[in-house]
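# Structural characterization, general
Here are the chains, one letter per residue:
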Amino acid sequence: MLDYLYQIVENFQTLIVGVLGFWGVIYTLRMNSRLAREQHERTIKHDREVLKTALRAELELIRKSFSDKAELPEDDREESDVFFPADTHTKVYQNFIGKLGLLSAEEVSAIIEAYTLIDEVPTRLRLISAGHDPSYDKPGYIFIKAPQSKTATGIYKNFLPSIETALQKLGGVTD
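Attention now moves to the overall build of the chain. A count of helices and strands for the chain gives six helices and two strands. Each helix and strand of the chain, placed in order from N terminus to C terminus, yields the pattern α-α-α-β-α-α-β-α. Computed over its C-alpha atoms, the radius of gyration of the chain comes to 31 Å, more than 25% above the 16 Å expected for a compact globule of 175 residues. Within the chain, residue pairs in contact and separated by at least 24 positions form 81% of the contacts whose partners lie at least 6 positions apart.

Encoded structure:
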């Protein structure tokens, strides 16, 4: 019986080794494929968290800036002219706009709404600053006369809820 088994193995040794080698290669390919897929999923998760963290940090800064501008003291609003920045720092959003697809539809919608309004601020401020004396021009700032300063602070105040909604969707804690 052992001689018969030995004879079969000897006659078909090339086939047996080929089949075992083939299955070894298939197993290795499957394991490598699974490991690559898991690594890809970890990379996507990491990129998503990096994106969320960066956007949260930028939106927190913008929220703080808008809150400060929205809460000018009443006496300052009525009696004095004010300069507001002509631009808001949105470099993180601009640099990562191509990666927004990593986020959920809800998160993307809230982020785009917030940043659209953030980008709209200078345009609205320029509209209410129209007609001022050019001698008040300061590069990088928009001059607002005292009677319109309350309107200007209202713009910042009205846009804050969209920023806070985006922060909530990103998992950020707002004050």
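Still to come is the rest of the account.
A word on a nonpolar patch on the surface. There is a patch of nonpolar side chains on the surface, built from Leu2, Tyr4, Leu5, Ile8, Val9, Phe12, Leu15, Ile16, Val19, Leu20, Phe22 and Trp23 and spanning about 1,300 Å² of accessible area. Only helix H1 (2–11) and helix H2 (13–70) provide two or more residues apiece to the nonpolar patch. With six residues, H2 is the largest single contributor of residues to the nonpolar patch. As for its placement among the helices and strands, Leu2 is situated in helix H1.

Looking now at the nonpolar core. Core analysis: the largest hydrophobic core is formed by 32 residues, its most contacted members being Leu55, Leu59, Phe66 and Leu125. The greatest single-element share of this core, amounting to nine residues, is contributed by helix H5 (residues 105–129). Leaving out residues up to four positions away in the same chain, Leu59 has contacts with Ala114, Tyr115, Ile118, Ile163, Ala166, Leu167 and Leu170.

For the coordinates displayed, the defined rule picks out seven salt bridges. Where Lys99 meets Asp47, a salt bridge forms, and the shortest distance between an N and an O atom there is 3.9 Å. Of this pair, Lys99 sits in the loop between helix H4 (91–96) and H5 while Asp47 is found in helix H2, placing the two residues 52 residues apart along the sequence. Judged by its relative accessible area of 37%, Lys99 falls in the partly exposed class. Note on Asp47: relative accessible area 25%, which makes it partly exposed. In this structure, Lys169 engages Glu106 in a salt bridge whose closest nitrogen and oxygen atoms are separated by 3.6 Å. Of this pair, Lys169 sits in helix H6 (residues 146–169) while Glu106 sits in helix H5, and the two are 63 residues apart along the sequence. Classification of Glu106 by relative accessible area gives exposed; the value is 54%.

The next point concerns the packing of aromatic side chains. For any two aromatic rings, the description comes down to two numbers: the centre-to-centre distance and the angle of the planes. For the coordinates displayed, the defined rule picks out five aromatic pairs. With 5.3 Å between their ring centres and 35° between their planes, Phe84 and Tyr156 make a pair best called tilted. Of this pair, Phe84 sits in strand S1 (residues 82–85) while Tyr156 sits in helix H6; the two residues are 72 residues apart in sequence, bridging distant segments of the chain. Just as Phe84 is buried, Tyr156 falls in that class too. Summarising the aromatic geometry, the rings of Tyr93 and Tyr115 are spaced 4.0 Å apart at their centres and angled 5° between planes, so their arrangement reads as stacked. Placement of the pair is Tyr93 in helix H4 and Tyr115 in helix H5, with a sequence separation of 22 residues. Residue Tyr93 shares its accessibility class with Tyr115, and that shared class is buried. Grouping aromatic residues by their ring pairs yields a cluster made of Phe66, Phe84 and Tyr156.

Rules of the game
- Residues numbered from 1 in each chain as written.
- Predicted model: local features only at pLDDT ≥ 70, side-chain atom pairs only at ≥ 80, totals over all residues.
- Heavy atoms only, no water.
- Helix = DSSP H or I, 4+ residues; strand = E, 2+ residues; numbered from the N terminus.
- Rg over C-alpha atoms; globule rule 2.2 N^0.38 Å.
- Contact = heavy atoms within 4.5 Å.
- Patch = residues over 30% accessible without salt bridge, like charges linked within 9 Å, V, L, I, M, F, W, Y side chains within 5 Å.
- Areas by Shrake-Rupley, 256 points an atom, 1.4 Å probe, with all protein chains shown as cover.
- Salt bridge = Lys/Arg side-chain N within 4 Å of Asp/Glu carboxyl O.
- Core = buried A, V, L, I, M, F, W, Y, C linked by side-chain atoms within 4.5 Å.
- Buried < 20%, exposed > 50% of the residue type's maximum accessible area, 1.4 Å probe, protein only.
- Phe/Tyr/Trp six-rings, centres within 6.5 Å; stacked < 30°, edge-to-face > 60°.

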